[in-house]
Each structure stands twice: as C-alpha cells, then as structure tokens.
Amino acid sequence: MRYLVMVQGSQADYDAMSGRASARGPAWSEEDLQAMFAFMGKIGEDLAASGELIDANGLAEPAQTLWVSSGPDGVPVITDDPYDETTLLPAGYWVLDCATPERVTEIAARITRCPGPEGLTGPPVVIRPILDSGAEAAGGGRRGTG
C-alpha cells in the first residue's frame, strides 16, 4: 500500500527555524537545524535502502502558499498567504510503499523524534493512504469511529 506521510508546520514554526522565537516555540540555532537536516537525511537514506521510498520533499513556508478557489462567477480567485501564523499545513512529505499500516506508523513515530531546540513540541505527523482506484474513494477504505 502506498501512503502519504506529512510533517506539519505553521508559519510560526518556519519563523522559529529562521531564528525568531514565538509563543509556539523557541528559536532554532544553526546546530538545531543541522541536527534536524541530518536526522531527516538519515530517514530518507534508510527508506531508500529498504525500497519503501517513492518520493520525499520539504515544502516552502506557508507565507509562499497560494490558495485558488472558484469565485461566484466561476472565475478563479487567487489568494496569497491566507493562513494565520499558527495554522498547521504540510511542511514536508514522503510517499512510501509499505507492506502494512503498522510499518508506516512505525516510520511516522520515528519522524516525531526529530531533534529540535530544547522545549520544542513537534506538530503531528499525518498518514494518508493513497487510493489506487475510484472504488476506494467511494468509501471502501473508510474506518468507523465507534
């Protein structure tokens, strides 16, 4: 099964990684950044070696995001930076091919252990199965909540 695994981040998180602390967390030092990059690089190497990695990338800060919607007259409306500084959005992703849901959960748990400055509370890692057919999109893979 293929999965989209996403780390989440806000504009405040990106600002902190640029050295500006906020109410959400401490400022990152150059050493913190290098530790994070080394950690993420090692995960990528391990997933490539296991054959589970299909693709992975970090994403630009939310301030560079464009939001495209349909206006009342059907003409596209393009808005830049429609998020407040605490809105969580995908900050990076991996597309993985894992044998079981347990395996992709194990990988996501490893990602949550990414180093950062002391006092940092990392945002969640989101796992979304990638559908292989329209039949799955119609509810074939839906799980109940109760």
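In this report, we go over the structure that sits alongside the text. (Residues numbered from 1 in each chain as written. Predicted model: local features only at pLDDT ≥ 70, side-chain atom pairs only at ≥ 80, totals over all residues. Heavy atoms only, no water.)

1. Digging into the overall build of the protein chain
Part 1 of the reasoning: Looking only at helices and strands, the protein chain has 4 helices and 6 strands in total.
Part 2 of the reasoning: Secondary structure elements of the protein chain occur, N-terminal to C-terminal, as β-α-α-β-β-β-β-α-β-α.
Part 3 of the reasoning: Out of the 146 residues belonging to the protein chain, those deemed buried represent 28%.
Part 4 of the reasoning: When contacts within the protein chain are restricted to residue pairs at least 6 apart in sequence, long-range pairs at least 24 apart make up 73% of them.
Part 5 of the reasoning: Counting only carbon and sulfur atoms, one obtains 54% of the accessible surface of the protein chain, whose full area is about 9,100 Å². (Helix = DSSP H or I, 4+ residues; strand = E, 2+ residues; numbered from the N terminus. Buried < 20%, exposed > 50% of the residue type's maximum accessible area, 1.4 Å probe, protein only. Contact = heavy atoms within 4.5 Å. Areas by Shrake-Rupley, 256 points an atom, 1.4 Å probe, with all protein chains shown as cover.)

2. Observations regarding the nonpolar core
Part 1 of the reasoning: With 21 residues, the main nonpolar core has Val5, Val7, Met40, Ile43, Trp94, Leu96 and Ile111 as its most contacted residues.
Part 2 of the reasoning: For this core, the elements supplying multiple residues, two or more each, are strand S1 (2–9), helix H1 (11–17), helix H2 (30–50), strand S5 (89–97) and helix H3 (101–111).
Part 3 of the reasoning: Among the elements that take part in this core, H2 stands out by supplying 6 residues, more than any other.
Part 4 of the reasoning: Setting aside residues up to four positions removed in sequence, Val7 forms contacts with Met40, Leu89, Pro90, Ala91, Gly92, Trp94, Ile111, Pro124 and Val125. (Core = buried A, V, L, I, M, F, W, Y, C linked by side-chain atoms within 4.5 Å.)

3. Things to note about the packing of H2 against H3
Packed helix pairs are characterised by how far apart their axes lie and by the angle those axes make with each other.
Part 1 of the reasoning: Close contact between H2 and H3 brings their axes to 11 Å; oriented N to C, the two are set at 160 degrees. Between H2 and H3, the crossing angle belongs to the class labelled roughly antiparallel. Classified by chirality, the crossing of H3 by H2 is right-handed. When H2 is examined against H3, the residues Phe39, Met40, Lys42, Ile43, Asp46 and Leu47 are found in contact with a partner set consisting of Arg103, Ile107, Arg110 and Ile111.
Part 2 of the reasoning: A breakdown of the residues in the contact of H2 with H3 according to their chemical character gives 6 nonpolar, no polar and 4 charged. (Axes fitted to C-alpha atoms, helices over the stretch in contact; angles between N-to-C directions. Parallel < 35°, antiparallel > 145°, perpendicular 65-115°, else oblique. Left-handed = near helix turned anticlockwise from the far one by under 90°. Nonpolar A, V, L, I, M, F, W, Y, C, P; charged D, E, K, R; others polar.)

4. Quick word on the pairing of strand S3 (residues 66–70)
Part 1 of the reasoning: With 0 of 5 residues buried, S3 is to be regarded as a mostly surface element.
Part 2 of the reasoning: Examined bridge by bridge, S3 and strand S4 (residues 76–80) share 5 bridges and lie antiparallel to one another. By the bridge assignment, Trp67 is partnered in S4 with Thr79.
Part 3 of the reasoning: If you look at the hairpin formed by S3 and S4, you'll find 5 residues sitting between the two strands, and Gly74 has a positive phi there, around 85 degrees. (Pairing = 2+ DSSP bridges.)

5. Focus on the sheet that holds S5
Part 1 of the reasoning: Taken in spatial order, the 4 strands of this open sheet run S2-S5-S1-S6, and their pairing is antiparallel. The sheet is open, and its two edges are formed by strand S2 (53–58) and strand S6 (125–129), each paired on a single side. Direction aside, the axes of adjacent strands within the sheet are offset by 20 degrees on average.
Part 2 of the reasoning: Here S1 runs beside S5; their pairing, made up of 8 bridges, is antiparallel. In the sheet register, Val7 faces S5, and the bridge partner there is Gly92.

6. Here we look at the environment of Gln11
Part 1 of the reasoning: With respect to the element layout, Gln11 can be found in helix H1.
Part 2 of the reasoning: Discounting residues that sit within four places of it in the chain, Gln11 has contacts with Glu61, Pro62, Ala63 and Glu85.
Part 3 of the reasoning: There is a polar contact of 2.7 Å between the side chain of Gln11 and the backbone nitrogen of Ala63. (Polar contact = N/O pair within 3.5 Å; in protein donor to acceptor, adjacent residues only side chain to side chain.)

7. Some thoughts on the pattern of salt bridges
Part 1 of the reasoning: With the rule as written, the count across this model stands at 6 salt bridges.
Part 2 of the reasoning: We note a salt bridge from Lys42 to Asp46, for which the minimum N-O separation is 2.8 Å. With Lys42 and Asp46 both in helix H2 and 4 residues apart, this pair spans about one turn of that helix.
Part 3 of the reasoning: Among the residues examined, Asp46 registers a relative accessible area of 25% and is labelled partly exposed.
Part 4 of the reasoning: Through salt bridges that share partners, Lys42, Asp46 and Arg110 make up one connected network. (Salt bridge = Lys/Arg side-chain N within 4 Å of Asp/Glu carboxyl O.)

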